[in-house]
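Here is what each chain is made of, one letter per residue.
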Amino acid sequence: MDRPLILVTNDDGVHAPGLAVLASSLEGLGEVQVYAPDRNQSAVGHGISLHRPLRVQQIKDGWHSVDGTPTDCVLLAVKHLLGRRPDLVVSGINNGPNLGDDVTYSGTVAGAYEGMLLDLPSIAFSALSREPNHWDAAGAVACRVAEMALAKGLPLETMLNVNIPDVPLGALKGIRPTHMGRRRYEDDIIHREDPRGVSYYWIGGEEPKHVIADGTDFDAVENGYVSITPLHRDLTNYASLDRFEDLRLSLPEFFEAPTDSPRKN
Ligand code: MN
């Protein structure tokens with residue numbers, strides 16, 4: 001049997017230290033192939049390039065740079081370039097956390113999300129610090145979690161979002177399964193003028209605030225644990241579907257329905 005094929009991507013770009021850590025930490029588990037953006041693509045979310053050509057460059061054995069997003073990288077690799085379906089898709093290790101609502105902005109999470117959409121076991125890894133001192137610990141955690149996913153698989157339409165505190169391996173308290181917390185971005189919009197007197201805007205001023213609730217990803221990392229959040233493809237709020245039953249209208253009713261009638265909660 002072939003060795004497991006592991007596709008590695010990230011959003012910090014092909015030269016980011018976390019990518020090298022992730023690729024080398026997984027070498028013992030199978031054949032590692034790297035397809036990563038040629039520059040920093042942080043916070044591109046699940047963006048995909050549909051309106052321009054994409055170029056791929058092999059930069060060394062098993063390493064490729066793509067002038068696109070993490071989603072582009074995974075799509076090109078899985079659907080065309082790898083030659084066979086990978087057994088695992090991993091993304092990271094991101095320089096900085098992807099906790100709570102970060103997951104929808106994150107290019108790191110999107111790389112794994114795309115793997116999930118292609119029905120492959122997929123994991124996003126992020127280091128808590130923006131200047132990590134303990135890459136070796138993060139790499140060891142990534143290897144352990146990837147090994148588990150290769151051995152046991154992952155639930156259908158589910159990816160893992162893993163956040164790793166920046167401490168030595170021996171100082172990690174363990175691993176906790178968590179649910180997505182709530183990140184409260186203040187979204188400060190900074191308004192200034194450029195040297196030619198033209199206005200510009202910059203999103204994001206102060207550090208975001210978050211709510212530490214029991215069982216959340218924030219709670220786990222704050223207490224020294226690795227957080228593993230299983231994320232599901234389907235964002236539907238099933239519990240609320242009943243509330244929208246009165247919107248189930250057939251065509252004639254749709255046009256007859258009064259638009260100003262107050263609806264109950
Ligand atoms: Mn990033």
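Residues numbered from 1 in each chain as written. Predicted model: local features only at pLDDT ≥ 70, side-chain atom pairs only at ≥ 80, totals over all residues. Heavy atoms only, no water.

A.B. asks: Requested: an account of the side chain of S122, with residues and values cited.
C.D. replies: Relative to the assigned elements, S122 resides in strand β6 (residues 122-127). Take S122: its relative accessible area is 0%, and that puts it in the buried class. A polar contact of 3.2 Å, which involves the side chain of S122, links it to the backbone nitrogen of M116. (Helix = DSSP H or I, 4+ residues; strand = E, 2+ residues; numbered from the N terminus. Buried < 20%, exposed > 50% of the residue type's maximum accessible area, 1.4 Å probe, protein only. Polar contact = N/O pair within 3.5 Å; in protein donor to acceptor, adjacent residues only side chain to side chain.)

A.B. asks: Explain the packing of aromatic side chains residue by residue, including any values.
C.D. replies: Per the counting criterion, the structure on display carries zero aromatic pairs. In this arrangement the basic side chain of K60 is found over the ring face of W63, its NZ or CZ atom lying 4.5 Å from the centre. The lysine or arginine in question, R176, covers the ring of Y225, its NZ or CZ lying 3.8 Å from the ring centre. (Phe/Tyr/Trp six-rings, centres within 6.5 Å; stacked < 30°, edge-to-face > 60°. Lys NZ or Arg CZ within 6 Å of the ring centre and 35° of its normal.)

A.B. asks: I'd love a proper account of the environment of P37, names of residues and values included.
C.D. replies: Looking at where P37 falls in the secondary structure, it is placed in strand β2 (residues 31-37). Residue P37 is classed as buried on the basis of its relative accessible area of 0%. Distance from P37 to V66, taken between C-alpha atoms, is 4.8 Å for residues 29 residues apart in sequence. With residues near it in sequence (within four places) discarded, P37 still touches T9, N10, D11, G13, V14, V66, G68, T69, P70 and C73. (Contact = heavy atoms within 4.5 Å.)

A.B. asks: Describe the coordination of the manganese ion, naming the residues involved and giving the relevant values.
C.D. replies: Around the manganese ion, the protein contributes the donor atoms D11 (OD), D12 (OD), S42 (OG) and N94 (OD1), which lie 2.1 to 2.3 Å from the metal centre. Of note, the manganese ion draws all its donor residues from one chain, in the sequence arrangement D-D-x29-S-x51-N. Remark: S42 occurs in the loop between β2 and β3 (56-60) and D12 occurs in the loop between β1 (5-9) and α1 (17-25); sequence separation between them is 30 residues. Owing to a relative accessible area of 37%, S42 belongs among the partly exposed residues under this scheme. (Donors = N, O, S within 2.8 Å, 3.2 Å for Na, K, Ca; no water.)

A.B. asks: Pulling in residues and values, what's your account of helix α5 (residues 135-152)?
C.D. replies: Its 18 residues place the ends of α5 26 Å apart at the C-alpha level, agreeing with the 26 Å of an ideal helix rising 1.5 Å per residue. Within the sequence span of α5, burial applies to W135, A137, A138, G139, V141, A142, V145, A146 and A149. Of the residues flanking the end of α5, it is G153, one or two places downstream, whose phi is positive at about 75 degrees. (Expected span 1.5 Å × (residues − 1).)

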